[in-house]
Amino acid sequence: MPSEQTMKKKLISICKAQNIPHEQFAPLKQRLESLGFFPDTEVEVLKKISFGHVVIVRIFQTVVALNKMEFSCLKF
Amino acid sequence: MSQILNTLEKTTKIALVGSPNSGKTTLYNWLTSSHFKTVNYPGATIDYAVGYLHEKGERNLNFQVIDTPGIYSLQSDSEDEKVTSRILMESVDMKPDFLLLIVDSTQLERQFYWIKQVLKLGYPFAVVLTMSDIIEKHRNQIDIKKLSSLLNGVTVLKFDGLLGQGLEKILTVIKTTESIQNISSPQFEFDAKQIDALTIGNVSELQKTKTDYLQQTIKIDRWALHPLFGYGFFFVFMTLLFSSIYWAATPFMDVIDTVFTHAIELTKEYIPGLVGDFISDGVIAAIGGVIIFVPQIFILFVGIGVLESTGYLARVAALVNRPLERVGLGGRSFVPMLSGFACAIPAIMATRNISSKKEKLIAQLVVPFMACSARLPVFGLLIGFMFLNKNPLFAGAALAVLYFLSILVGVLASGFLSLYLSKVGSIGHNTLTLELPMYRLPNMKVIFRQSFEKLRSFVKRAGPVIFALAIVLWFATSFPRHQETPDAPSTVVVGETYASQLGKMIEPVFRPMGLDWRVGFGLISAFAAREVFVSSLALVFNIDGDNDERIQAGLIDKMSEAQFESGPMQGQKIFTFASCAGLLIFFIIALQCISTVAILKKETGSLKIALGHLVLSNVFAYAIAVAVFQTLSLF
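Since the structure is predicted, the reported quantities are computational estimates derived from the model, not experimental observations. (Residues numbered from 1 in each chain as written. Chains lettered and ligands numbered in written order. Predicted model: local features only at pLDDT ≥ 70, side-chain atom pairs only at ≥ 80, totals over all residues. Heavy atoms only, no water.)

K.L.:
Describe the environment of Thr25 of chain B, naming the residues involved and giving the relevant values.
P.N.:
For Thr25 of chain B, the location among the structural elements is in helix α2 (residues 24–32). In this structure the C-alpha to C-alpha distance between Thr25 of chain B and Ala49 of chain B, which are 24 residues apart in sequence, comes to 9.1 Å. (Helix = DSSP H or I, 4+ residues; strand = E, 2+ residues; numbered from the N terminus.)

K.L.:
So, the packing of helix α19 (residues 376–386) of chain B against helix α24 (residues 532–540) of chain B: which residues are in play, and what are the values?
P.N.:
Residue and element names in this part refer to chain B. Look at α19 against α24: their axes get within 7 Å of each other, and the N-to-C directions meet at 50°. When the interaxial angle is binned, α19 and α24 end up oblique. Residue-level contacts link Pro377, Val378 and Leu381 of α19 to Phe533, Val534 and Leu537 of α24. Broken down by class, the residue content of the contact of α19 with α24 amounts to six nonpolar, no polar and no charged. (Axes fitted to C-alpha atoms, helices over the stretch in contact; angles between N-to-C directions. Parallel < 35°, antiparallel > 145°, perpendicular 65-115°, else oblique. Contact = heavy atoms within 4.5 Å. Nonpolar A, V, L, I, M, F, W, Y, C, P; charged D, E, K, R; others polar.)

K.L.:
Go over the packing of aromatic side chains with me, naming the residues and quoting the values.
P.N.:
Evaluated as defined, the whole model comprises 14 aromatic pairs over all chains. Ring centres of Phe51 of chain A and Tyr231 of chain B lie 5.5 Å apart, and the angle between their planes is 25°; on these two criteria the pair is classed as stacked. One end of the pair, Phe51 of chain A, is in the loop between β3 (42–49) and β4 (54–59); the other, Tyr231 of chain B, is in helix α10 (residues 229–247), on a second chain. Residue Phe51 of chain A is classed as exposed on the basis of its relative accessible area, which comes to 60%. Taken together, a centroid distance of 6.0 Å and an interplanar angle of 65° make the contact between Phe385 of chain B and Phe575 of chain B edge-to-face. (Phe/Tyr/Trp six-rings, centres within 6.5 Å; stacked < 30°, edge-to-face > 60°. Buried < 20%, exposed > 50% of the residue type's maximum accessible area, 1.4 Å probe, protein only.)

K.L.:
Give me the lowdown on the nonpolar core, citing residues and values where you can.
P.N.:
If you look at the biggest cluster of nonpolar residues, it comprises 140 residues, and the most contacted ones within it are Ile56 of chain A together with Phe575 of chain B. Per-element tally for this core: the top contributor is helix α26 (residues 577–589) of chain B, with ten residues. Residues contacting Phe575 of chain B, with those up to four places away along its chain left out, are Phe385, Val519, Leu537, Phe541, Met559, Ala562, Cys580 and Leu583 of chain B. Grouped together as the second largest cluster of nonpolar side chains are 27 residues, Ile71, Leu88, Ile115 and Val156 of chain B included. (Core = buried A, V, L, I, M, F, W, Y, C linked by side-chain atoms within 4.5 Å.)

K.L.:
Account for the confidence of the model for chain B, with residues named and values stated.
P.N.:
Residues and elements named next belong to chain B. Residue-level pLDDT values for chain B average 79, and 82% of them are 70 or greater. Low pLDDT, under 50, characterises residues 35–45; the predicted model gives this stretch 44 contacts beyond four residues in sequence or across chains. A low-confidence stretch, residues 543–549 stays under pLDDT 50, and its non-local contacts, those more than four residues away or across chains, total 17 contacts. Model confidence for the complex is summarised by a pTM of 0.68, with the ipTM given as 0.92. (pLDDT = per-residue confidence, 0-100.)

K.L.:
Got a sec to walk through the pairing of strand β2 (residues 49–55) of chain B? Specific residues and values, please.
P.N.:
All names here are of chain B. Across seven bridges, β2 lies against strand β3 (residues 58–67) in antiparallel orientation. Opposite Leu53, over in β3, you have Asn60 as the bridge partner. Between the antiparallel neighbours β2 and β3 lie two residues, among them Lys56 with a positive phi of about 50°. (Pairing = 2+ DSSP bridges.)

K.L.:
Tell me what's going on with the sheet that holds strand β1 (residues 7–10) of chain A, and back it up with residues and numbers.
P.N.:
Reading across from one edge, β1(A)-β3(A)-β4(A)-β5(A)-β9(B) is the order of the five strands in this open sheet, with antiparallel pairing throughout. Because the sheet does not close on itself, it has two edges, and the strands there are β1 of chain A together with β9 (434–436) of chain B. This sheet shows a mean twist of 35° between the axes of neighbouring strands, independent of strand direction. Bridge count between β3 of chain A and β4 of chain A: six bridges; the pairing is antiparallel. Of the residues in β4 of chain A, the one forming a bridge with Ile49 of chain A is Val54 of chain A. Helix-sheet contacts for helix α14 (residues 312–319) of chain B involve β3, β4 and β5 (62–67) of chain A together with β9 of chain B, and the interaxial angle to β9 of chain B is about 135°.

K.L.:
Let's hear about the interface of chain A and chain B: which residues, and what values?
P.N.:
Listed by partner, the interface residues are 35 residues for chain A and 41 residues for chain B. Interface of chain A and chain B: buried area, both sides summed, is about 3,400 Å²; carbon and sulfur atoms make up 59% of it. At the junction of chain A and chain B, the tally comes to ten residue pairs in polar contact (both at pLDDT 80 or more). Breaking the side of chain A that touches chain B down by element, the ones donating at least two residues are α1 (22–34), β3, β4, β5 and α2 (68–71) of chain A. Among the elements that make up the side of chain A that touches chain B, the one with the highest residue count is α1 of chain A (eight residues). Partitioned by chemical class, the residues of the side of chain A that touches chain B number 19 nonpolar, ten polar and six charged. Taken together, the three bridges between β5 of chain A and β9 of chain B define a ladder with antiparallel strand orientation. Considered in β9 of chain B, the bridge of Val64 of chain A is made with Glu435 of chain B. (Buried area = accessible area lost by both parts, 1.4 Å probe. Polar contact = N/O pair within 3.5 Å; in protein donor to acceptor, adjacent residues only side chain to side chain.)

Given below as structure tokens:
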């Protein structure tokens, strides 16, 4: 079975990444918060897929796929 | 009339509100006795459904139940969540009188984000805890009293979606809503500790079970989302799905075939004359031409249902995100695209889940290129003809190739649209943020029931169109008839019928595709519904009244003998490998379904876009089909 090293990180904040337009950031932040991405929450980075452009993370008991741009908004 | 208006005015509206996959639609089905689809992927409810309460088989007009799309938050940018927000915050006609908040017991910590937002709106409400059987399986339970006291004494109920346990209590609460409408909504702040404290029993064991469950999912994902094997599995599953549509359906199709053949024979035997001809050659042959493909369509629905309910579909969406991004789409477009293989109409509606305007528009325009189930009868007939007397595996492989070809057409179209839209101005970046549900074993009973419902709606939709066209086509292919004489009954001369006369006028348009008026006639009738093509062929190729053979086999026999009756190609065979290949290409590219055009207009908000798609795709399909036929004819 393929084995992988996962990484657990504490979320500090959700910040606007440079390549995200302003009008897209607010709804994105809202969606991330609704999934439980709040400061101080533990986020486990499980793996990168889709040629490194999608990051699979675990938050609480939920597995979430984020694209590179969305993941870059999470500050650890 | 005034009585109806009075009833409507008195109707109490109950809205079911909850996050995606929390079990809203399941409860809605129990409350209204309907069989709507519930899936393990965000977006089962893409529009809201409204139904009257059903009790002991009786409809109760005093209560309307609204099934709203799942929400993570009330301030969302996705269209489906906006539907719920609008119902709760803006709607006048559909403004609910009472809310049933559907809360997934296994994900309590995540539910309170939207619950807090909804409660601030001030609606009277009750809480329904779903999935509590999972908690109780591990000797735990949610402390209902504590939860109720945290919510100012609001009613909290449990509901088991599989067995319907708890339904009676929910019905009692619904029917007493009037007496509790004046309750004030609580303003509260929850913290994680309070939420944890709601679970009674061995919390650590429950946590361990949840963690074990999660770890199991993560372990499977090591293979399913592997950079190399992940795509391998994806390819294998898709090939299995698409090829099984052919070989797994064959035995069932044979049974249907036999039944219809006997029905035709019996009708001809017992009902002589014109009426018998009409019923056997017109109605039964036309309906049989479509019903025979029901097993294939059913297998497709079941296959997609299994992929959805196991949780694998969401993984594939994440896996193919990057390749789809390259052509202007994204992972969120994957489910609408795959649903497009079943039917373009719900698939186009499912694009509401996509928040990027650019991605959404591209997905809406590309979905019709996916080979929908209505094309299956056409594919089945033409492939059956092209691979007659050959190993059925070849036919299965050919069908898989057609599906991949339709994906290729979709990819090329979306790449082109992406380039075009980038040139005319960027309209947003693609977003993913996709919850990957835990793996579950599929509930085959539910999947079969849902597939059966979809199949029924497919047959119901196609049936009246086929019947109406059957009458028109039978008339057009059976008249004028030669006068009846004492020695002989009235007869039909093939080249003199109304259909023949009209068809010959339009034949020059279809001749470059290697087709005569009869096939052209079938192509035109396919604009009503693609599957009508087969029944139209069945009718126009049986105009001599000789229909003793089995429906499809008989049609294939006729096709192999069919020749051009006049013009420069007179005497040449119509159905060759080249002309069938051209026809298949035409069916892959052309947007023919008028219902799809209507839904495109509704979802894009532009008649110009919908009609533009109709015209351009048909012109393009015609040009490519001509090119394919002419090129293959050289060999």
